[in-house]
Amino acid sequence: NFIKGLLFPNTKGYRTSPTLLGFTARHLFGPELLSANARRREFFVDAWRSAPQVWSHLQKTQWTDLMTSLPDNLLVKADRLLMASSLEGRVPFLDHRIVEFGMSLPDQLKVQGKQGKVFLKQWAENLIPKEHLYAKKRGFHVPVGEWLQGEYRKRLCELLPQHRSVREWFRPAGVEKLLSSYGSRGAKSRMVWAMLQFAVWYELFIEGDGSRPDSRTDPFDLIA
């Protein structure tokens, strides 16, 4: 954290992880996106600084998550997916009493070495097999890069660089280079997926009137 603090002053080492590195962003984003990208950390840094100064590094990190990634990313996605499917969801760990209790625990009951959720796992040892509790964490991988291969990749390379939204907000040469180099996994494939979603959104809400397309509509037909 000390070394990170030298590299990222004013936050004592707190960092954000962008989808793209600065070098790629400079070659891909147009002027307005580059300007916005330069301010991408401000929201997170403001949340970090709003935490009490006497808190530990871990407490401040938890607080920043509570103020940013949870309400603006993870929870809103879960809510939209549940409501779109007419399902009722429950988030018991977000009860304010549990949050307050969890935040008040000493750091050693939260993280020990590379093991997180220490208190919760110790509490659950009599309920859940240890091989599940202490298994290596596995993320929810969405194989977007694997989807965008073969014929889909060919159509992407034909349609995306020419779409009006991409030409307005990105650098065409950078887009073509990205499309020629992305693989089945990694940040580049996620960026290609995001650009496809942006082009579809632009077609529906900027060029169109926001009407919902038929659920069977091919997204590539929307940007053709």
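Residues numbered from 1 in each chain as written. Predicted model: local features only at pLDDT ≥ 70, side-chain atom pairs only at ≥ 80, totals over all residues. Heavy atoms only, no water.

Before we move on, can you summarise unusual backbone geometry with the specific residues and values?
At Ser-86, a residue that is not glycine, the phi angle is positive and equals roughly 55°. Among the secondary structure elements, Ser-86 is positioned in the loop between helix H6 (69-84) and helix H7 (96-104). Although it is not a glycine, Lys-117 sits at a positive phi angle of roughly 55°. Checked against the element boundaries, Lys-117 lands in the loop between strand E2 (115-116) and helix H8 (118-124). Residue Lys-117 is classed as exposed on the basis of its relative accessible area, which comes to 54%. (Helix = DSSP H or I, 4+ residues; strand = E, 2+ residues; numbered from the N terminus. Buried < 20%, exposed > 50% of the residue type's maximum accessible area, 1.4 Å probe, protein only.)

I'd love a proper account of the packing of aromatic side chains, names of residues and values included.
Counting across every chain of the model gives ten aromatic pairs. Between Tyr-152 and Phe-220, the aromatic rings sit 5.7 Å apart at their centres with planes inclined by 25°, giving stacked as the arrangement. Residue Tyr-152 is found in helix H11 (residues 151-159), and its partner Phe-220 is found in helix H15 (residues 219-223); the two are separated by 68 residues along the sequence. Residue class for Tyr-152 comes out partly exposed when judged on its relative accessible area of 43%. In textbook terms, an aromatic cluster arises when at least three aromatic residues are bridged by ring pairs, as seen for Phe-29, Phe-170, Phe-198, Trp-201, Tyr-202 and Phe-205. (Phe/Tyr/Trp six-rings, centres within 6.5 Å; stacked < 30°, edge-to-face > 60°.)

Before we move on, could you go through the packing of helix H4 (residues 42-50) against helix H5 (residues 57-67) and cite the residues and values that matter?
Any two packed helices are characterised by the angle at which their axes cross and by the distance between the axes. For the pair H4 and H5, the least separation of the axes is 8 Å and the interaxial angle reads 130°. Between H4 and H5, the angle is such that the two are oblique. Where H4 crosses over H5, the two elements pack in a sense that is right-handed. Along the contact surface, H4 presents Phe-43, Phe-44, Ala-47, Trp-48 and Ser-50, while H5 presents His-57, Lys-60, Thr-61, Trp-63, Thr-64 and Met-67. Here the residues of the contact of H4 with H5 sort into six nonpolar, four polar and one charged. (Axes fitted to C-alpha atoms, helices over the stretch in contact; angles between N-to-C directions. Parallel < 35°, antiparallel > 145°, perpendicular 65-115°, else oblique. Left-handed = near helix turned anticlockwise from the far one by under 90°. Contact = heavy atoms within 4.5 Å. Nonpolar A, V, L, I, M, F, W, Y, C, P; charged D, E, K, R; others polar.)

Tell me about the packing of helix H13 (residues 172-181) against helix H14 (residues 187-207), residues and numbers included.
Between H13 and H14, the least distance of the axes is 9 Å, while the angle of their chain directions is 125°. By the criterion of interaxial angle, the relationship of H13 to H14 is oblique. In terms of crossing hand, the pair formed by H13 and H14 is left-handed. Contacts between H13 and H14 pair Val-175, Leu-178, Leu-179 and Ser-181 from the former with Lys-188, Met-191, Val-192 and Met-195 from the latter. Looking at the contact of H13 with H14 residue by residue, the classes come out as six nonpolar, one polar and one charged.

Explain the environment of Trp-147 to me, and be specific about the residues and the numbers.
Within the secondary structure, Trp-147 sits in helix H10 (residues 144-147). It is 31 Å that separates the C-alpha atoms of Trp-147 and Val-91, two residues lying 56 residues apart in sequence. Residues in contact with Trp-147, not counting those within four places in the same chain, are Val-142, Tyr-152 and Trp-193.

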